[in-house]
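Notes for the structure review
Letter by letter, the chains look like this.
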Amino acid sequence: MTTTLRPVSPETPAAGGGRTRRWQICANGRPVGALRTTATPRGDQCWGDISELEVWEGRRRGRATVGVLAAEEVLRGWGCTRVDADVPEAATGALRLAEALGYTERMRNMTKRLTAAPGLPPGVVARPVDAARYPAWLDEAKAGYVHDLCGSGLSEEQARAKSDADHRHLLPQGHATPGVALRELYGTDGAVLGTLWVALHQRDLPDGRPLAWVMTVEVAPEQRGRGHGRTLMLLAERECLDTGAHDLGLNVFTGNGVAIGLYTSLGYRVTNRVLGKPLL
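Residues numbered from 1 in each chain as written. Predicted model: local features only at pLDDT ≥ 70, side-chain atom pairs only at ≥ 80, totals over all residues. Heavy atoms only, no water.

Overview of the environment of Ala143
For Ala143, the position within the fold is in helix α3 (residues 134-151). In sequence terms Ala143 and Ala159 are 16 residues apart; their C-alpha atoms lie 9.7 Å from each other. (Helix = DSSP H or I, 4+ residues; strand = E, 2+ residues; numbered from the N terminus.)

Some remarks on the packing of aromatic side chains
This structure, assessed with the given rule, holds 3 aromatic pairs. For the pair Trp137 and Trp197, a centre-to-centre distance of 5.7 Å together with 75° between the ring planes defines the contact as edge-to-face. Separated by 60 residues along the polypeptide, Trp137 in helix α3 and Trp197 in strand β10 (residues 192-204) bring together distant segments of the chain. The exposure classification of Trp137 matches that of Trp197, with both residues buried. Centre to centre, the rings of Tyr263 and Tyr268 are 6.3 Å apart; their planes meet at 65°, and the pair counts as edge-to-face. Note on accessibility: Tyr263 and Tyr268 belong to one class, buried. Between Arg127 and the ring centre of Tyr186, over which it is positioned, the NZ or CZ distance is 4.5 Å. (Phe/Tyr/Trp six-rings, centres within 6.5 Å; stacked < 30°, edge-to-face > 60°. Buried < 20%, exposed > 50% of the residue type's maximum accessible area, 1.4 Å probe, protein only. Lys NZ or Arg CZ within 6 Å of the ring centre and 35° of its normal.)

A short note on the state of the cysteines
Taken as a whole, this structure holds 0 disulfides when the rule is applied. Cysteine Cys46 shares no disulfide, and the gap to the nearest cysteine sulfur, in Cys80, comes to 3.7 Å. Its relative accessible area of 13% is what places Cys46 among the buried residues. (Disulfide = S-S within 2.5 Å.)

Some thoughts on unusual backbone geometry
Residues other than glycine seldom take positive phi values, yet Asn28 does so here, at roughly 55°. A positive phi is found at Glu52, a non-glycine position, where the angle reads about 55°. As for its placement among the helices and strands, Glu52 is situated in strand β5 (residues 45-55).

Topic: the side chain of Gln223
Following the sequence through the fold, Gln223 ends up in the loop between β11 (210-219) and α5 (228-242). Its relative accessible area of 10% is what places Gln223 among the buried residues. In this structure the side chain of Gln223 is engaged in a polar contact, spanning 3.0 Å, whose partner is the side chain of Arg226. (Polar contact = N/O pair within 3.5 Å; in protein donor to acceptor, adjacent residues only side chain to side chain.)

Read these as layout, nothing more, since geometry by itself doesn't imply function.
Right under this line is the structure:
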């Protein structure tokens, strides 16, 4: 039996100058499943993504495996040097398949349903990042992101390209970009305790509810271990609720056990895992 990919629709543009296409997984010409391939430029590189994978006929016959391998070939042909797969936490079979094909977990998505705005501890104050502070904030944000990306398995070149591209795309107007909250947390002595970046309407949940997203939480190195990361997360929840959104999500890199422990203690739960590998 021959398993192949067949286009469902024409290739269409994707965000950031990329390209995307939906495919059928066919067995002897008969559709048995589907998936989507997407390629996104990251600086002078191109990253691939495989999503929307489903097999509705003949499961456990290797059709998903062949479909993923064929999708990787498509992405290679599109010039991609790396591929990611976003797998729902409940899809245990898909997680096993990705791991068997050499994918390793880079990060996980966690979300929380919010009810009431939490109070902040005494002795701290939050202020917006203004035009004067923005360049220093941006340099620190990029450096921290590069560090985390390298820790998740990317080369420094890949990490810097992705960091530059992501910040350019997500903050086109800098500190004045609509729909974002850039905050700094100060102590009573005027010292910066940490910084926060929240996208206040990143996407919609399947039922249409708005989902805000914590982009970065960074505690100043000399202030770590004093509970300021928890305070910044409480601030993120307040910012989210102030816009009328009651769902807040975030990405956390798999190797950051301290952050995972913090988010779990605050009631965040894993919804998706992002696994990836280089395309040689």
